Amino acid sequence: MGAELLRLDRGTLRAWSEQITAVEVAMGLPTARAYTELVLTGARRQRRLGRQLALDVPDNLARVAEGERKEYLRLMGMVVRERPEAVGMVARTLPRLMERLEGPALGKFVGSGLDMHDLDAGRAEVFLKAESASGQKELERLSLGLPLSAVSRTLALYARAHCGEDVQIRPVPARQGRKAFSEGRHLYLPERVDRYGDERDFTVYRVLAARTAAYIEFGSFELDLRKVPGEWAHPAHDESDLERFFRSFPNKSLARDLFAVVEDARVEGAMLEEYPGLARDIDTLRPDELALRPDLEDLAPVEAMVEGLLQRSWGVEHPGGGELGEQVEQLWQQIQPALGPLASVADSAALVPQLYQVADALLRKVADEPPPDPKEQGGGKGKRPPKPEGGSDSKPQDGAGGGEQEYKGLEANGLGSAMRPEEMTPDDRAADEQAREVQDAMAEEGLDATLREIRRAMRQDRGGDERSYDEMVAFLERNPPPEGGQVEIGPEREAIEREARHGGRPLDPDADPNAKGVIQPEWDHAIQDYKPAWVQVKEHKLEPDTGAFVQGVLDEYGAEIRQLRRRFQALRPEQLRRVRGVVDGDEFDLDRLIESRVERRAGGTPSDRIYSRHHRNQRDVAVAFLVDLSSSTNEVAGETGKRIIHVEKEALVMIAEAVDAIGDSCGIYGFSGYGRDHVAFYVAKDFKDPYDDSVRRRIGRMSHKMENRDGAAIRYAARKLMEQPASTRLLVLLSDGRPLDCGCDAYYDAYAQADTKVALRELRQQGIHPFCITVDPRARAYLKEMYGEVGFVVIDRAETLPQRLPAIYQRLTR
Amino acid sequence: MRIITPDAHDFEIDQAPWYLPAGDEVQLFETAWQAKLPVILKGPTGCGKTRFVAHMAHKLGRPLVTVACHEDLTASDLLGRFLILGEETVWCDGPLTTALRHGAILYLDEVVEARNDTMVVIHPLTDDRRILPIDKLGASLQAPDDFMLVMSYNPGYQSVLKELKQSTRQRFISLEFSYPEAELEQKVVEQESGVAAKHAKSLVKIAEKVRRLTERGLEEGVSTRLLIHAGTLMARGIDPARACEVSFVRTLTDDADLQRSIHEVVRDFF
Ligand SMILES: Nc1ncnc2c1ncn2[C@@H]1O[C@H](COP(=O)(O)OP(=O)(O)O)[C@@H](O)[C@H]1O
Ligand SMILES: [Mg+2]
């Protein structure tokens, strides 16, 4: 190639040779080859073009995610052939575009840009950068595809049904390109799929979710090296056994890929066995997935072997044909024991050393052979120091160190394994480390449990493990001063409040400085007893706000509210109920009538209560809504960009309308405060207040404040409820599920949860029905412990609360 | 005055209803019957409570009188009422009285649906007096030794207006029911629907997965009954995925995302 370049253009050769080594080192041999090919194509057309490509392409190529580079070069090749004059422009704009589009849509968009280029080069560039309106519009149109946000909840539920863990779906971080993966806890899926532009795009997501969830379901992350024969690297702190396993080989990437091929085949086998329906989807997509794999001829021998093995596991027999095909078939036979129905991840791992040996031998052979054309060598290659045995030497690291150089594996093409234990968060690592210790201890007693089981047990057991010390610190730092609201504070009130401040606490304009405190007990789980007279709660009536909030709610939900009112009006339970046995009424009561006839025949004095009458029936329900107004409710809820507090307030307006329509008696309260002396109980609507505009504006006035001492607020709300004469009393607590008050005394974790639980229990004893609604998107395990004795529900998308709250209420009181 | 009591034969169970025990419930029930203790069966709908009672009634050789409770059920509906037949006034026994006279098992199904003031009439039957006062007849009936009161109730109901009053609940022994273990449930589905073992197995696996979603907004998991429905359709040649679709995917929830995810779980198997 060098020779041909020399013939074509000396400048191009110089530019190319300056770049090629770096390209190969950074992006691997196949990419380097394709790059060279592109430069050649360009140079054949126009001398300057070759040089331009040689210089421009590497930097831009580096901006493209690994798995997309092949596609980038392919598209550039197309541009070189069809619109050489647009090469520079496309080379520059393509990387950004590839983040947003893929497949046919990408080709189409670039095509439009090229057409435009004929007329006006400047406009075309603006178009391709999607800076012009037409470009943006076209981009929108073409990037229709399927965004993850549209399906992530469905997929999360689907994955949860599969592995029963609290799996979340998260977008693949930008630095990882587009490839889906799991680190053992969650599923990372690409932000958008537009491979087909039809229902199959969902199938792509579904298969990705199933595959990544299968690693969790079938225990890929549960490798226990004690069960794998061999000598493994000395364990490092907070390192998973998978990582330790890879580290035990001098060429980590090679070991990793070999393991991935075997383990993927095992997991896929298990998956297809368990879920025959999935097999159909995988079959549908397989040809297109295979098309994305590199050509075996483009690869160095060892890479070709690994890739061939992978393609073999996808059903391609004798991949590459000839000698390679034979070799792959042979290795495939060796792998079979790890693919049986009873095989586990340990069986996959156990096979890696022998595969590794074969690959390693091949690597050495290649290294010892004189390179076919020395001129072509970028240099620095061929002197591979053989590393004999597994080292506990280096800490885990990626990239081009030591033995890694000769093997640019699956990863280099962005097509490597979707198991990424290295992506685990430090918290998860720490949790695993603990689980491993428990596992060891159990093993000594002859007990067997998987890390997953232990983790789950630990989560439930501790109940309050969720907030670490660090998290507390982070919380305190992020805890902003309470929102001021729009009310002007008069100078005298301000002075009073300044005085009322404690320890430099910012003042709360909604606090009534003259409010009388009520002293309440609190449950201390450490002493398993109440601390009497421990908490002071003050009640503050909220001032109506300007009405802007309510207007916003009416604008957004007006139609829904009207519907809701109709629905709840219809629910006024048997508004007219038949009362039997009255002296006069609109109908005879047959039973009584007959009785009286019988009585008369028997010679007695018949009763004259023989009528029935329709009578207005009282539902006789009193309900208190109690809303957490702590600072954590200032977090953004879901994709709408609204804050939790905002959504909660919207929900309150909706439910207030519904409850008003059904005719139940209702109170609407919020709570916050700081420390046990300053629990604040805010009143938007007391039971005696009629539901009117000022109530709605008081709800509008609610804002996020400071802490939430749930137990205290629950007890205080219970007082209010017990003053109501109703026969059914109901407390609905709306919170983000984290009772927390870091005032002068500590109210968090197990203590806070125990107190909340006990407070709810007290309510039940008083005959109040508590029901808890939390919008904690993380659905922590402790919720069950805290709320389990009473009803509760976790709303996984807070932004749906305004619709769901009335439905929940309807269900609660049906 | 003439008293009309429905015939005991009408309530006798000829064929043994097939029931696969999940634990010690058969023994406990039998003992409770011998000891004249009333029993509550607690558990989600469609998990085998009704079938269990029928099975036990047959096993103990007692007639079974069943009342499906509802909101408008009155004390008279249970006890009985006067009727006029031609010139004659007769008393017609309600199911409770009937059961008492025949020494039957009285099964009050979904008892929370009935109003609490209706349920008061059973209280005297549940203490050791075991009597049933019928004011209208001016008489009290003594329950024979064979008589047993059984009610069922679904705690997943979550309506605060329809909770079983403590004063009622505390009179009963309670047997907890839940969906059967996978292996058991598979047998039940297979036996009841006639679907092939392979498909019954898949149905049970689907159910296991779907039931995991109850903490995530699903009100109640798929019941054994619904699995049997799906199996029955499948055994009669309906496409499996379609059979699941109409038997439970559509009915379990109105939440579109949840519905879709259940649909996808079904698709994994068929
Ligand atoms: N253990 C079991 N043995 C036999 N059949 C069962 C069993 N559990 C459930 N079933 C089947 O499930 C169906 C629904 O059960 P059923 O007793 O009607 O539910 P429930 O009364 O709890 O609502 C029954 O018709 C029966 O076919
Ligand atoms: Mg909070």
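This text gives an overview of the structure that appears in the document. Computed from a predicted model, the values in this text were never measured in an experiment.

Thresholds applied
Residues numbered from 1 in each chain as written. Chains lettered and ligands numbered in written order. Predicted model: local features only at pLDDT ≥ 70, side-chain atom pairs only at ≥ 80, totals over all residues. Heavy atoms only, no water. Helix = DSSP H or I, 4+ residues; strand = E, 2+ residues; numbered from the N terminus. Buried < 20%, exposed > 50% of the residue type's maximum accessible area, 1.4 Å probe, protein only. Contact = heavy atoms within 4.5 Å. Donors = N, O, S within 2.8 Å, 3.2 Å for Na, K, Ca; no water. Patch = residues over 30% accessible without salt bridge, like charges linked within 9 Å, V, L, I, M, F, W, Y side chains within 5 Å. Areas by Shrake-Rupley, 256 points an atom, 1.4 Å probe, with all protein chains shown as cover. Salt bridge = Lys/Arg side-chain N within 4 Å of Asp/Glu carboxyl O. Lys, Arg positive; Asp, Glu negative; His and termini not counted. Charge placed at Lys NZ, Arg CZ, Asp CG, Glu CD. Pairing = 2+ DSSP bridges. Axes fitted to C-alpha atoms, helices over the stretch in contact; angles between N-to-C directions. Buried area = accessible area lost by both parts, 1.4 Å probe. Polar contact = N/O pair within 3.5 Å; in protein donor to acceptor, adjacent residues only side chain to side chain. Nonpolar A, V, L, I, M, F, W, Y, C, P; charged D, E, K, R; others polar. Near = heavy atom within 4 Å. Domains from an automatic or database assignment. Expected span 1.5 Å × (residues − 1). Bend = angle between axes of the 7 residues up to and from the residue. Left-handed = near helix turned anticlockwise from the far one by under 90°. Core = buried A, V, L, I, M, F, W, Y, C linked by side-chain atoms within 4.5 Å.

Focus: the overall build of chain A
- Across its full length, chain A holds 29 helices and 16 strands.
- For chain A, the proportion of its 814 residues judged to be buried stands at 54%.
- Long-range pairs, those at least 24 residues apart, make up 68% of the contacts in chain A with a sequence separation of at least 6.

With respect to the coordination of the magnesium ion (ligand 2)
- Listed as protein donors to the magnesium ion (ligand 2) are S630 of chain A (OG), S632 of chain A (OG) and N708 of chain A (OD1); their distances from the metal cover 2.3 to 2.6 Å.
- Summarised as a motif, the one-chain spacing of the donors to the magnesium ion (ligand 2) is S-x1-S-x75-N.

Topic: a positive patch on the surface
All names here are of chain A.
- A cluster of basic residues, R10, R14, R48 and R51, forms a positive patch on the protein surface.
- For the positive patch, the secondary-structure elements that each account for two or more residues are α2 (10–27) and α4 (47–62).
- Looking at R10, the relative accessible area reads 58%, which means it is exposed.

Some points on the sheet that holds strand β10 (residues 173–176) of chain B
Residue and element names in this part refer to chain B.
- Judged by pairing direction, the sheet is parallel, and its five strands sit side by side in the order β3-β6-β9-β2-β10 without closing on themselves. The open sheet terminates on both sides in strands that have one partner only, identified here as β3 (64–68) and β10. Neighbour to neighbour, the strand axes of the sheet diverge by 20 degrees on average, direction disregarded.
- Pairing geometry for strand β2 (residues 39–42) and β10, over four bridges, is parallel. Counterpart to K42 in the pairing with β10 is E176.

Quick look at the interface of chain B and chain A
- Contacts between the two partners involve 39 residues from chain B and, on the opposite side, 46 residues from chain A.
- Counting each side, the surface lost to burial between chain B and chain A is near 4000 Å², with a carbon and sulfur contribution of 46%.
- Linking chain B with chain A are seven salt bridges, by the criterion used here.
- Among the salt bridges present, the one from E217 of chain A reaches K209 of chain B, with a minimum N-O distance of 3.4 Å.
- Our count for the contact surface shared by chain B and chain A stands at 15 residue pairs in polar contact (both at pLDDT 80 or more).
- For the side of chain B that touches chain A, the elements supplying multiple residues, two or more each, are β4 (80–85), β5 (88–93), α9 (197–211) and α12 (256–269) of chain B.
- Grouping the constituent residues of the side of chain B that touches chain A by class yields eleven nonpolar, seven polar and 21 charged.

Things to note about the site of ligand 1
Residues and elements named next belong to chain B.
- Every one of the 16 residues lining ligand 1 counts as a neighbour, but L20, G46, T50, R51 and E192 are closest to it.
- Here an oxygen atom of ligand 1 sits 2.6 Å away from a polar atom, N or O, in the main chain of G46.
- For ligand 1, an oxygen atom lies 3.1 Å from a polar atom in the backbone of G48.
- When ligand 1 sits alone it has 560 Å² of accessible area, and the protein chains cover 91% of it.
- Looking at the shell around ligand 1, the elements that each hand over two or more residues are α2 (49–60), α8 (182–193) and α10 (224–235).
- Counting the residues that make up the shell around ligand 1, at least three belong to each of domain 1 (2–176) and domain 2 (182–269).

Structural notes on α4 of chain A
Residues and elements named next belong to chain A.
- An ideal rise of 1.5 Å per residue puts 22 Å on 16 residues; α4 measures up with 24 Å between its terminal C-alpha atoms.
- At D56, α4 shows its largest kink, close to 30 degrees, and the proline P58 lies no more than four residues downstream.
- Taken as a whole, α4 has its buried residues at L49, G50, L53, A54, V57, P58, N60 and L61.

Quick look at a nonpolar patch on the surface
- Taken together, the side chains of L233, I238 and V246 of chain B make up a nonpolar region of the molecular surface, amounting to roughly 210 Å² of accessible area.
- Turning to its location among the elements, L233 of chain B is positioned in helix α10.

Here's the deal with the pairing of strand β7 (residues 529–541) of chain A
Residues and elements named next belong to chain A.
- As defined by bridge partners, strand β6 (residues 517–524) adjoins β7 across seven bridges and the pair is classed as antiparallel. For D524, the partnering residue across the bridge sits in β7 and is D529.
- Connecting β6 to the next strand, β7, in antiparallel fashion are four residues, including Q528 with a positive phi near 50 degrees.
- Taken together, the five bridges between β7 and strand β13 (residues 679–685) define a ladder with parallel strand orientation. Within the sheet, the bridge partner assigned to E539 lies in β13 and is F681.

Looking at the sheet that holds β7 of chain A
All names here are of chain A.
- The strand order across the open sheet built from eight strands is β6-β7-β13-β12-β11-β14-β15-β16, with neighbouring strands paired in mixed fashion. On the outer flanks of this sheet lie β6 and β16 (791–794), each paired with one strand and no other. Each adjacent strand pair in this sheet contributes to an overall mean axis angle of 25 degrees, direction not counted.
- Along the sheet, helix α26 (residues 710–722) makes contact with β6, β7, β11 (621–628), β12 (665–673), β13, β14 (728–735) and β15 (768–774), crossing β6 at roughly 125 degrees.

Describing the packing of helix α22 (residues 548–571) of chain A against helix α24 (residues 644–662) of chain A
All names here are of chain A.
- At a minimum axis separation of 8 Å, α22 and α24 run at an interaxial angle of 35 degrees. Handedness of the α22/α24 crossing: right-handed. Residues F549, V553, E556, Y557, E560, I561, L564, R565, F568, Q569 and L571 of α22 lie in contact with α24, whose contacting residues are H646, K649, E650, V653, M654, E657, A658, D660, A661 and I662.
- Taken together, the residues that form the contact of α22 with α24 break down as twelve nonpolar, two polar and seven charged.

Re the nonpolar core
- Of all hydrophobic cores here, the largest spans 109 residues; its most connected members are L155, L189, F245, L254, L258 and F259 of chain A together with F248 of chain B.
- Ranked by residue count, the leading element in this core is helix α11 (residues 200–217) of chain A, at eleven residues.
- Apart from the residues within four sequence positions on either side, L254 of chain A is in contact with V302, V306, Y356, A359, D360, L363 and Y407 of chain A.
- Membership of the second largest hydrophobic core comes to 50 residues, among which are C666, L730, L805 and I808 of chain A.

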